[in-house]
Amino acid sequence: MHGPQTRFEEAPHFTPDSRQAWARLALALVIGSIGGAGMWTVVVVLPTVQAEYAASRGAVSLAYTLTMFGFGLGGVIVGRITDRFGIVTAMALSIATTAAAYLLAGASVTLWQFQAVYFLIGLGSSVTFAPLMAEASHWFERYRGLAVTIVASGNYVAGTVWPPLVNYGVQQIGWRATHVALGIFCAVTMSALLLVLRARMGGAGAHDHSQAAPPQLTLPISTNALTVLLSVAAIACCVAMAMPQVHIVAYCGDLGYGVAVGAQMLSLMMALGIVSRIGSGFLADRVGGMRTLLIGSLAQGFALLFYLFFDGLTSLYLISGMFGLFQGGIVPSYAIIVREAMPAREAATRVGIVIFASVFGMSFGGWVSGVIFDATGSYAAAFANGIAWNGLNLAIVVTLLILARRQHRLAA
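Model, not experiment: these values are computed from the prediction. (Residues numbered from 1 in each chain as written. Predicted model: local features only at pLDDT ≥ 70, side-chain atom pairs only at ≥ 80, totals over all residues. Heavy atoms only, no water.)

(A) Focus on the overall build of the protein. For the protein, the count of helices and strands is 16 helices and 0 strands. Against the compact-globule benchmark of 22 Å for 412 residues, the protein has a radius of gyration of 21 Å, which places it among compact chains. In terms of overall dimensions, the protein has C-alpha extents of about 65 × 50 × 30 Å along its principal axes. In the protein, the proportion of contacts linking residues at least 24 apart, taken out of those at least 6 apart, comes to 84%. Split by element, the accessible area of the protein, about 17,000 Å² in all, is 67% carbon and sulfur. Between the mean site of the 20 positive side-chain charges and the mean site of the 14 negative ones, the protein shows a separation of 5 Å. (Helix = DSSP H or I, 4+ residues; strand = E, 2+ residues; numbered from the N terminus. Rg over C-alpha atoms; globule rule 2.2 N^0.38 Å. Contact = heavy atoms within 4.5 Å. Areas by Shrake-Rupley, 256 points an atom, 1.4 Å probe, with all protein chains shown as cover. Lys, Arg positive; Asp, Glu negative; His and termini not counted. Charge placed at Lys NZ, Arg CZ, Asp CG, Glu CD.)

Pasting the structure below:
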């Protein structure tokens with residue numbers, strides 16, 4: 001075993017959990033909150049773009065699907081770049097991609113061009129989630145869980161801040177000029193913040209993970225097998241998660257409460273999701289990422305169960321708030337588990353793969369819930385489907401916990 005003093009003796013200017021680490025984390029959160037705009041702009045401009053191109057809602061919505069695909073795939077690609085060349089290089093490439101994509105979006109003259117550009121926007125935005133979570137995990141040991149969830153909260157902060165700003169821009173200067181302005185703003189501010197982050201990390205520290213803490217969790221399976229299991233678990237939990245997040249607005253409309261009420265419930269979920277993410281970070285630092293994931297998955301299944309039995313207006317507000325409080329910390333738990341069980345040199349790639357799986361789960365979950373609704377005329381079966389997928393997630397997490405406990409006993 002290496003003690004804390006010898007583990008980091010090669011880096012006298014940096015100590016995990018230090019004020020320097022928290023300064024880096026603050027920069028990462030701001031970068032994530034700005035770069036995460038790409039995940040939300042398409043949602044705001046959909047009606048306007050649909051009217052301009054005289055297209056169907058489904059055709060225009062393909063831009064969102066491509067954004068999610070680019071975001072998921074980018075997590076793997078950019079994660080690999082991060083592991084080999086460092087977060088600064090990866091982020092510089094992503095900033096250039098995002099800025100160019102926004103400018104191209106503003107110049108698009110056909111719907112297919114707009115759709116294709118949003119794949120690039122998703123690709124560029126990906127650095128602000130999986131790779132940045134993995135990088136932040138190297139800066140902390142005692143507060144690693146909290147650090148990872150704070151970085152992950154940048155996505156929710158972006159979802160809170162950017163939609164009204166983009167909507168204001170569309171109303172004042174049009175959606176094209178708004179995209180151009182976003183591209184310029186993101187390029188300038190994120191580049192400036194990246195320069196500050198690079199200075200905080202130092203030359204070698206910007207791409208060397210040799211001084212990061214070693215894995216703390218031992219499992220009797222290979223890292224590839226663990227990656228596969230975590231990916232399946234991520235798909236399962238996110239299929240379940242997608243049902244309320246994607247369909248709560250339509251569900252409220254069907255019940256006669258109106259889509260505006262559904263939008264309020266969705267906003268409530270997102271806002272309480274930030275609280276959930278930060279809280280899960282505190283929990284992970286005390287009980288570990290695996291147990292935190294188990295608790296979050298159990299709680300999410302519990303909330304989904306309530307949707308089956310209560311559909312009153314007050315009840316739905318309460319359940320939606322409860323769902324937001326329960327699910328926000330689930331996805332960051334995977335990044336914490338990867339860092340606890342795998343070497344730092346491959347953490348960003350592995351986290352990217354698992355996050356890609358979670359994005360697929362969200363996309364598939366949203367789609368299959370709609371298919372089930374079309375087939376049954378009710379969301380009851382769709383909620384039941386989400387509960388079943390949540391059960392698969394629980395089964396995988398419990399299995400991993402049993403394997404970890406067994407390995408610990410053998411090593412003792």
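We are not done yet, so read on.
(B) Region of interest: the environment of Val 44. Here Val 44 is to be found in helix 3 (residues 41-53). In sequence terms Val 44 and Leu 165 are 121 residues apart; their C-alpha atoms lie 9.7 Å from each other. The residues touching Val 44, leaving out its near neighbours within four places in the chain, are Pro 163, Val 166 and Asn 167.

(C) Focus on the layout of surface pockets. The volume enclosed by the largest pocket comes to roughly 1,700 Å³. Trp 40, Val 43, Tyr 64, Gln 245 and Val 246 are the residues nearest the centre of the largest pocket, which is lined by 43 residues in total. The set of elements that each furnish at least two residues to the lining of the largest pocket consists of helix 3, helix 4 (57-85), helix 8 (144-173), helix 10 (223-255), helix 11 (259-287) and helix 15 (347-376). No other element matches the 8 residues that helix 15 contributes to the lining of the largest pocket. (1 Å grid on protein atoms, 1.4 Å probe; cavity = no way out; pocket = protein on both sides within 12 Å on 5 of 7 lines; lining within 4 Å. Points joined across faces, edges and corners; volume = space filled by probe spheres on them.)

(D) Layout of the nonpolar core. If you look at the biggest cluster of nonpolar residues, it comprises 119 residues, and the most contacted ones within it are Met 133, Trp 139, Tyr 307 and Tyr 334. It is helix 10 that contributes the most residues to this core, 13 residues altogether. Sequence-distant contacts of Tyr 334, defined by excluding residues within four places in its chain, comprise Leu 230, Ala 233, Ala 234, Cys 237, Leu 293, Val 354 and Asn 393. (Core = buried A, V, L, I, M, F, W, Y, C linked by side-chain atoms within 4.5 Å. Buried < 20%, exposed > 50% of the residue type's maximum accessible area, 1.4 Å probe, protein only.)

In short, geometric facts, not functional conclusions.
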